[in-house]
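For reference, the chains in residue letters:
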Amino acid sequence: MSALLKTMRITRALTLLLLLPFLVAAQQNLTRHVDPFIGTGGHGHTFPGATMPFGMVQLSPDTRLSGWDGCSGYHYSDSIIYGFSHTHLSGTGISDYGDILLMPTAGEVYLNASNDERTDKGGERTEKGYASRFNHKNETARPGYYSVKLDDENIFVELTATDRVGFHRYTYPTADRANIILDLTHRDKVLDSYLKIVDATHVEGFRRSSAWAEDQIVYFVAEFSKPLTSSGIAVDDKIVDGLTEARGTNLKSFFRFDTRDGKPITVKVAISAVSIEGARKNLVAELDHWDFDRVKADADRAWNRELNKMQASGGTEEQMKTFYTALYHTMIAPNLFMDVDGQFRGRDLKVHRADGFTNYTVFSLWDTFRAAHPLYSIIDQKRTLDFIKTFLAQYEYGGRLPVWELAANETDTMIGYHAVPVIVDAAAKGIGGFDREKAFAAMKHSAGLKHFGLEAYANRGYIGMEDDRESVSKTLEYAYDDWCIAMMARLIGHEDDYAKFIRRAQFYKNVFDPQTGFMRPKNNGGWITFFDPREVNFNFTEANSWQYTFFVPQDIDGLIALMGNKENFARKLDELFSADSKTTGREQADITGLIGQYAHGNEPSHHIAYLYDYAGQPWKTQFRVRQIMDNFYSPQPDGLIGNEDCGQMSAWYVLSAAGFYSVTPGSNTYAIGTPLFPELRFNLENGKSFTIKARGVSKQNIYIQSAALNGKAYGKSFITHQDLMKGGELAFVMGDKPNRVWGAGDNDAPVSRIPDRQIVPVPAMNAAGQAFREHLEVSIQTIARGARVHYTTDGTEPTVDSPRYVKPFSIDRTTTVKAVAINQENEKSFVVTATFHQIPHNWSIKLLAKYSSQYTGGGDSALIDGIRGTTNFGAGVWQGYQGQDFVAVVDLGKAQNVSRLGAGFLQDVRSWIWMPKRVEFELSTDGENFTRVLSITNDVRDDRYEAIARDLVKSVPSQPARYVRVKAYNYGTIPAWHPGHGGQAWIFVDEIIIQ
């Protein structure tokens, strides 16, 4: 008996040891700290409605039908609700979704929404419809639940959700005419839709639409808690008597109930991207009862399970609310995109079945590779594996890895191929379970494509303005992605591929100008003439050179070397944060949250504050990180300084509050910043926990004085992923003054370095312009220290036997110059090529309209220099004029017979560029008295989105003239159907044609 008791005690002790991590990490009620209204104001673009962690359904109110701040369908400044739809995007910069809208009403049925702008002085709507006013005082939101009172109808609305089912509860005033409107035309363009009233309690159908996702389909099945008393379907806004089934592009319906018993109406709506049958299966599997409060409680428990993966304590109420709402926002997207039976719609828009993984959608990878996915690699490794398997399924069915995938559509929004760092980051951190060879083949496929400037990038080591827009940003981001491919190649033993891609990872050096110390755009083989690092233009992606100069996360040591040394690098960072915050160039709504030229409201800046660690000055990282956390995040509707971007803006805060950040996804290193909470525990999927403690931390005590890892003194300004996964404790002692010794030693800094296979950067050919009249001086600049340059002027490839560049030289005819840099080991750069054109006549031009400083075309003579623009408006050849007509006078130098007149124009509607309405030509012999001889009306459709360059040109009776006046009439105000409606259109012109 005693032996048995001893065995039982040992068993109990072992059980307690196994359960210890879970006992220590007992669940806390963390949903109480979440406020889904954070980010719904300002430019956060979040929504407040009910959703599950990474769920398929986002059931939320729609208060705004269009516009940039209506991307999520809801904005806190609005006062009218149009209804409650089942899909929403969180924090994007482009709108979509808003599918399957329901709206409860009472009394007479109206099938059109009223316009929230059309009110009289008393606030009454002048056009009656199903929309209703509401007040934030009567609105509640928390994870998995939303409620509001509709003021116009006195209806109380409550929403909750399972993964694939939206659950509505409507409490009406006592009435026999309680209605529910179903609008399948809501928001974006409908391609096709179908609706069937199955019986008194069931409705089903689908909606196929085109917006950001060009071909999106949502099937649905709806079930009512009580039988309807009457119903109707409207086709093209007309109710058809007796109709119970319809198909078309303009379908709406109403369902009427008797609520005189005082009981609410509940509605279950299941959705699917596969089929009506799939939606039906989802409904049966996830919601086989009518207990609304039970679903609401289940949602709360589900959110608490997720939020308890990170347990913070000791913070202020504001800090806790900001932190846990940020963590909540990181768990809204990506979204489940698969039915309960495993079927999903693939990138080929065909139906497939997932084999051993859960399929997802909404991958905002340009944003989320930076912090959101590295966060998932710590707290959500199983889901990270599903994300990667989803990427590989998209590669298999769609032909390539996702860029910005939405509802089985590749939108190709933003730049790079940033599924690559997500995969490599996971592999580097030991997350397995996927086919690494297949993943590597998919990565190489993305890198080997010839679109978006990649062909020029691969063939000459950088992208120029003439190759593609956003040339500098693309060069830098492709280089980082290629480093990730190199890391994967080495991981799986492909050394030849490693050699290729580690060289491509250094192509950032080809756009670094050592004279200015900035990443600088190139055109025709040399630096652009007009350069201001503050200027926001189409050489950069939603940023300027100040912000992108620091995007070399794969080789920070290499960037430091380009700038001279660590002191110079830190000084450059100081200048970034202390510069005048005014930007120049184009207006870019995403550039917000400015500290100097640092812009926290957009992703290219997100890693920059941590770069001081790499320069041996970690106390400056600590200061800037805390400054950003305190100033740019708050528990208010406008508490996000920029777009949430599917979790990235919040993931930065979550990681930074923990005390570290993933500067280089694809490595296993995190740079240390400054912890926000006295204690924060990661509860890991492997059953272990890692705790970060910050003794004495406060609003003033933001500087690390000392640290200990698992009880041992720790002086490094970084921590590894393996340290986290082992479990343990990182303890900091905080103070109000910088400790300039901790973390500052040469061996204490995080390492980001490409140690081998160094490239020779390409030389840059510079001249006063690409076109000239009599002669032009050309100079060649080399970036590589100690390298020599050889060049040719006859179009042949330069070799070591070609003339060596010593000093600037002059050309007097159209010439193609080629140059190569060769270092002391006889390693060569790419060959750089520039062609300089001699203008074939002595015409002059007087511009009577003012072109944009961003789109000069090369200067005043650009329209008569013989160099023609392509469909790439950012190539530096077009002259751009916004909100004005184009007027110019060409002086031919002497009277000549003129027989043909015209001008070249560009239309790129996505970029607000339209053909002129018409162009007129007048001739004169004296420059004062002009006669109109030609008027050409544009015949290109204004809604043609494909970029087109076209000459508007015609012959005229031959007649003498010295002066030609050209006037092109601007398209005008951008129409309502365009996302930029209300703005002013651009005219892009090149060249003026006179024969």
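Residues numbered from 1 in each chain as written. Predicted model: local features only at pLDDT ≥ 70, side-chain atom pairs only at ≥ 80, totals over all residues. Heavy atoms only, no water.

### A short note on the overall build of the protein chain
For the protein chain, the count of helices and strands is 19 helices and 57 strands. Over its C-alpha trace the protein chain gives a radius of gyration of 31 Å, about what one expects of a compact globule, namely 30 Å for 995 residues. Considered along the principal axes of its C-alpha atoms, the protein chain spans approximately 105 × 80 × 50 Å. Across the 995 residues in the protein chain, those meeting the buried criterion constitute 62%. Contacts in the protein chain between residues at least 24 apart in sequence constitute 70% of all its contacts with a sequence separation of at least 6. Accessible area for the protein chain stands at about 36800 Å²; split by element, carbon and sulfur atoms hold 47% of it. With 106 positive and 118 negative side-chain charges, the protein chain shows a spacing of 3 Å between the two charge centroids. (Helix = DSSP H or I, 4+ residues; strand = E, 2+ residues; numbered from the N terminus. Rg over C-alpha atoms; globule rule 2.2 N^0.38 Å. Buried < 20%, exposed > 50% of the residue type's maximum accessible area, 1.4 Å probe, protein only. Contact = heavy atoms within 4.5 Å. Areas by Shrake-Rupley, 256 points an atom, 1.4 Å probe, with all protein chains shown as cover. Lys, Arg positive; Asp, Glu negative; His and termini not counted. Charge placed at Lys NZ, Arg CZ, Asp CG, Glu CD.)

### A look at the side chain of Asp 367
Along the chain, Asp 367 turns up in helix α5 (residues 365-368). Although buried, Asp 367 forms no salt bridge, and the nearest oppositely charged side chain, Arg 370, lies 5.8 Å from it. Here the side chain of Asp 367 touches Ser 364 through a polar contact of 2.4 Å, side chain to side chain. Each residue touching Asp 367, except ones within four places of it in the same chain, is listed here: Trp 404, Glu 603, Asp 645 and Gln 648. (Salt bridge = Lys/Arg side-chain N within 4 Å of Asp/Glu carboxyl O. Polar contact = N/O pair within 3.5 Å; in protein donor to acceptor, adjacent residues only side chain to side chain.)

### Looking at the sheet that holds strand β20 (residues 310-313)
Read across the open sheet, the 6 strands follow the order β20-β38-β39-β43-β40-β41; overall the sheet is mixed. Since the sheet does not close on itself, it has two edges, and those belong to β20 and β41 (712-713), each with one partner. (Pairing = 2+ DSSP bridges.)

### Description of helix α9 (residues 436-447)
Taking 1.5 Å as the rise per residue, α9 with 12 residues should run 16 Å; its terminal C-alpha atoms sit 16 Å apart, in good agreement. One side-chain oxygen at the N-terminal end of α9 lies 3.1 Å from the backbone nitrogen of Glu 437; it belongs to Asp 435. (Expected span 1.5 Å × (residues − 1).)

### Observations regarding the side chain of Gln 394
With respect to the element layout, Gln 394 can be found in helix α7 (residues 381-398). When residues no more than four places from it in sequence are discounted, the contact partners of Gln 394 are Arg 347, Tyr 360, Phe 363, Gly 399, Arg 400, Pro 402 and Glu 405.

### Observations concerning the environment of Asp 236
Examined against the element boundaries, Asp 236 turns out to sit in the loop between β15 (230-235) and β16 (238-240). The class for Asp 236 is partly exposed, based on a relative accessible area of 49%. In this structure the C-alpha to C-alpha distance between Asp 236 and Ala 372, which are 136 residues apart in sequence, comes to 44 Å.

### Let's talk about the sheet that holds strand β45 (residues 771-772)
Strand order in the open sheet formed by 4 strands is β45-β50-β49-β47, and the pairing between neighbours is mixed. The open sheet has two edge strands, β45 and β47 (788-792), and neither has a second partner. Strand direction decides the pairing type here: strand β49 (residues 815-822) and strand β50 (residues 832-838), joined by 5 bridges, are antiparallel. Looking across to β50, one finds that Thr 816 is bridged to Thr 835.

Function cannot be inferred from these measures alone, as they are strictly geometric.
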